[in-house]
Amino acid sequence: MKILIFNAGSSSLKFGVFDMAISDSRVFKGEFEHFKNGKCLLHYRVGGEEGEEKERGESLASVEDAIRRVPEILKEFGYDVFDAIGHRVAHGGEKFRDATLLDHNVLQYIESCTSLAPLHNPANLKAIMISSTFWPDIPQVAVFDTAFHHTIPDFAYTYAVPKEWRDKGLRRYGFHGTSHKYVGLRVAQVLNRSITELQIISCHLGNGASICAINHGFSIDTSMGMTPLEGLVMGTRSGDVDPGMFSYLARELGLSTEVVEKQLYSNSGLKALAGSHDFREIESKAAKGDLDAQLAINVCVYRLRKYIGAYTAAMGGVDALVFTGGIGENSAFMRRRICSKFDFLGLYLDEDKNQAVKLKSFDAPQIQSFDSRVKVIVTQTCEQLMIAQEVQYLLKQQKSQLKTKKWHIPVAVSARHVHLSQEAVEALFGKGHQLKKMRSLSQTEGWAAEETVEVIGPKGSFKTVRVLGPTRKQTQIEVSKTDTFTLGVEAPVRPSGKLENTPIIKLRGTVGAIESDGLIIAARHIHMSPEDAAKMGLKDGDYVDVKLGDGERGVSFSNTLIRAKQGYVTEMHIDTDEANAAGIAFRTEGELVMNERQGNADIVTKKNMRLHSLRT
Ligand code: AMP
């Protein structure tokens, strides 16, 4: 399974192609960043973890332009066929606990969460909208940053605020869930233990930073809250502040909520304390004696240590501390500062091992000293791989559910009938004659006409065969196999409209007679609305088997063609021979069974997503 992953942020776009059939699965890695004056940088790597990292300039002004450029970039390197697309989505609110197939309703819900993640959800939505225009037939899956934290207990996620507010969704949700889950599992793998046996504190320290208590495999607390603003000191975000600050700022400085929010998201954190959000720069300034940089580091470290202590208490112990994210992976200095004075927990760092960390791909070195009870591990987070695994799991699960699920569809019997061209109508019923509608049919585009014709074969004839409107390009007769014996012709089983090399026989109307364009035994088929087809994992042109009846006269019709089109009502059509074989008089229900010939039943498209109704 080849999966394309998008991780769209407010100022960068990460994307990757994963081939889940091989162990070195990330076959392409790309990132657009540093958008300035209509230009940006593209970092990319082809051919797995050993591939060479490259960089080039691109003339793109924004993340949105970069998303639109992705298909060309991927094509350039030979990646243009995917089985699924996975999107990192920051906020999934209370609803999404797992990876979720995107459809109109899911998109609307994500959009409704935008106010909770104003920097992230709009970028994620853009990637979804644009990629679904490029790849309309490929299933798109959202993997939520909040999902892993759905196991946080109510006493940890509840804010002590009025009930009316809480009823509006004011609670802690947590973010970076995909990263915490990935590193938690990686730690378990490295320690050769099951994650369910371990108490892990995961420190994701990058531009955005959060810490998570993973108790026996479940997130039970994390530092980000209702929005990605709460918790640790971040690159440009403040993390925890006293909520009393807001009214003070409004009252004393006359600042609007918009201004305060913007400052807290974009001009606070390290940037506010040390004048830069680049931790490398801050470390080097601090080393040269810059007091602001030193304070920034102290504030960062102090808060982190407080959280580590708190989460150890929350879990009642800690077996492993794991560092990830740009700072966690690369700064030995920060790891040393954070891990100092944790002797009372039985946590001792081996400074040589700490200094020696030089991560390559999926490395996860342990840097605790030999007598440390708590393990300390450093590893790169690979959210994209985690997303790809979740997408694969979802689609496999869905496929097996589709295979075992019983879908029931209505079945109608089609008696012999004729479709006429306007030319044929006039030849049979008189110049200028128009077919008159007698009654509607279940497929709303067709109707039974008042007119009937005589169908005349070399051996026998049928006197009153119903004409179905509206008129078509060709004149087509549809009969059963038994009818062909009466008429004395040999006719093939064909889908409607395929008349080449079929018998041409005579039709007689009230004023004249003509030769038809063709006669077929209609291939059994199921009309389907695209929505129903998607639900059942089918698409136009697929084949399924259908079981009709049970007990003595139950039959199974193999190779039933799916005809999915907007406006169709889901219904199977069989002819009178087939109905007689199954002992059906008029209407019944059939049970759908997936067939080997069924093309892409595992691929649920979202053609039915009314994407245009959402903002792009
Ligand atoms: P991320 O958001 O995970 O990409 O992390 C970005 C942060 O990691 C920035 O603040 C970088 O300055 C910081 N970072 C990257 N490499 C190093 C390093 N070698 N030492 C200290 N900080 C680093």
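Conventions adopted
- Residues numbered from 1 in each chain as written.
- Predicted model: local features only at pLDDT ≥ 70, side-chain atom pairs only at ≥ 80, totals over all residues.
- Heavy atoms only, no water.
- UniProt positions renumbered as here; feature names shortened; annotations may be inferred.
- Axes fitted to C-alpha atoms, helices over the stretch in contact; angles between N-to-C directions.
- Helix = DSSP H or I, 4+ residues; strand = E, 2+ residues; numbered from the N terminus.
- Parallel < 35°, antiparallel > 145°, perpendicular 65-115°, else oblique.
- Left-handed = near helix turned anticlockwise from the far one by under 90°.
- Contact = heavy atoms within 4.5 Å.
- Nonpolar A, V, L, I, M, F, W, Y, C, P; charged D, E, K, R; others polar.
- Buried < 20%, exposed > 50% of the residue type's maximum accessible area, 1.4 Å probe, protein only.
- Polar contact = N/O pair within 3.5 Å; in protein donor to acceptor, adjacent residues only side chain to side chain.
- Core = buried A, V, L, I, M, F, W, Y, C linked by side-chain atoms within 4.5 Å.
- Pairing = 2+ DSSP bridges.
- Expected span 1.5 Å × (residues − 1).

The name given to the protein in an unreviewed UniProt entry is Acetate kinase, with the source organism recorded as Candidatus Berkiella cookevillensis. UniProt annotates the protein under Pathway (unreviewed entry) with the comment "Metabolic intermediate biosynthesis; acetyl-CoA biosynthesis; acetyl-CoA from acetate: step 1/2." You can read under Sequence similarities (unreviewed entry) in the UniProt record for the protein the words "Belongs to the acetokinase family."

All right, on to the packing of helix 11 (residues 291-315) against helix 13 (residues 332-339) then. With their axes 9 Å apart at the nearest point, helix 11 and helix 13 run at an angle of 50 degrees to one another. In terms of axis orientation, helix 11 runs oblique to helix 13. With respect to the hand of their crossing, helix 11 and helix 13 are arranged in right-handed fashion. Residue-level contacts link I297, N298, C300, V301, L304, R305 and I308 of helix 11 to F333, M334, R337, I338 and C339 of helix 13. Within the contact of helix 11 with helix 13, the residues separate by chemical class into nine nonpolar, one polar and two charged.

This chain's UniProt record puts "binding site: Mg(2+)" (unreviewed entry) on N7 and E383. Across 377 residues of sequence, these annotated residues stay compact in space, with a maximum C-alpha separation of 8.9 Å. In this fold, N7 is placed in strand 1 (residues 2-8). Taking relative accessible area as the criterion, N7 reaches 7% and is therefore assigned buried. Here N7 is in contact with S12, L13, K14, R88, E383 and Q384, once residues within four sequence places are set aside. As for its placement among the helices and strands, E383 is situated in helix 15 (residues 383-404). Residue E383 is classed as buried on the basis of its relative accessible area, which comes to 11%. Here E383 is in contact with N7, R88, T178, S179 and H204, once residues within four sequence places are set aside.

Relative to the helices and strands, H204 is located in strand 9 (residues 199-205). Separated by 187 residues in sequence, H204 and V391 have C-alpha atoms that sit 23 Å apart. Those residues in contact with H204 that lie beyond four places of it in its chain are H176, S179, H180, A209, S210, T324, G325, T381 and E383. A polar contact is formed between the side chain of H204 and the side chain of S179, at a distance of 2.7 Å.

For the rest of this paragraph, the subject is the nonpolar core. Burial of nonpolar side chains together is a common tendency in soluble globular proteins. Of all hydrophobic cores here, the largest spans 43 residues; its most connected members are I201, C203, L205 and I211. Within the residue set of this core, elements represented by two or more residues are strand 9, strand 10 (209-215), helix 9 (269-274), helix 10 (279-287), helix 11, strand 12 (320-324), helix 13 and strand 13 (375-378). Broken down by element, this core gets its largest block of residues, ten residues, from helix 11. Those residues in contact with L205, other than ones at most four positions away along the chain, are L232, L304, F323, T324, G325, G326, I327, G328 and I338.

All right, on to the sheet that holds strand 7 (residues 100-101) then. Strand pairing in a sheet is mediated by backbone hydrogen bonds. Such pairs are either parallel or antiparallel. Taken together, eight strands build an open sheet; the order of strands is 5-4-3-2-1-6-8-7 and the sheet is mixed. Both outer strands of the open sheet, strand 5 (53-58) and strand 7, are each paired with one neighbouring strand and no more. Note that strand 3 (residues 26-36) and strand 4 (residues 39-46) share seven bridges and pair antiparallel. Note that in strand 4 the partner of E31 across the bridge is H43. Helix-sheet contacts for helix 3 (residues 121-134) involve strand 1, strand 6 (84-89) and strand 8 (140-144), and the interaxial angle to strand 6 is about 165 degrees.

Once that is clear, we can look at unusual backbone geometry. Most of the time, phi is negative for any residue but glycine, and the peptide bond is trans. Backbone torsion omega between G469 and P470 reads -5 degrees, so that peptide bond is classified as cis. Turning to its location among the elements, P470 is positioned in the loop between strand 18 (461-469) and strand 19 (476-479).

When the UniProt feature table is mapped onto this chain, "active site" (unreviewed entry) is found at D145. One can find D145 in the loop between strand 8 and helix 4 (154-157). Judged by relative accessible area, D145 falls into the buried class, the value being 2%. Ignoring anything within four residues of it in the chain, the contact list for D145 reads R88, V89, A90, G174, F175, H176, G177 and T178. Within the structure, the side chain of D145 is placed 3.3 Å from the backbone nitrogen of H176, a separation counted as a polar contact.

Of all seven residues in strand 2 (residues 13-19), six are buried, a share of seventy percent or more. Both strand 1 and strand 2 contribute to a ladder of seven bridges, which runs antiparallel. Bridged to I5 within strand 2 is G16. Between the end of strand 1 and the start of strand 2, which pair antiparallel, lie four residues. In this structure, strand 2 lies alongside strand 3, joined through six bridges in antiparallel fashion. Across the sheet, K14 pairs through a bridge with E31, a residue of strand 3. The loop that links strand 2 with its antiparallel partner strand 3 comprises six residues.

With 14 residues, helix 3 ought to run about 20 Å at 1.5 Å a step, and its terminal C-alpha atoms sit 20 Å apart, in line with that. Here helix 3 has its buried residues at N121, A123, N124, L125, A127, I128, M129, I130, S131 and S132. For helix 3, the secondary structure elements touched by its buried residues are strand 1, helix 1 (63-76), strand 6, helix 2 (104-112) and strand 8.

It is worth spelling out the packing of helix 2 against helix 3 at this point. A pair of packed helices is captured by two measures, namely the crossing angle of their axes and the spacing between those axes. With their axes 9 Å apart at the nearest point, helix 2 and helix 3 run at an angle of 155 degrees to one another. Classified by the angle between their axes, helix 2 and helix 3 sit roughly antiparallel to one another. Note on packing geometry: the crossing formed by helix 2 with helix 3 is left-handed. Contacts between helix 2 and helix 3 involve L107, I110 and E111 on the former and, on the latter, N121, L125, I128 and M129. Tallied by class, the residues present in the contact of helix 2 with helix 3 amount to five nonpolar, one polar and one charged.

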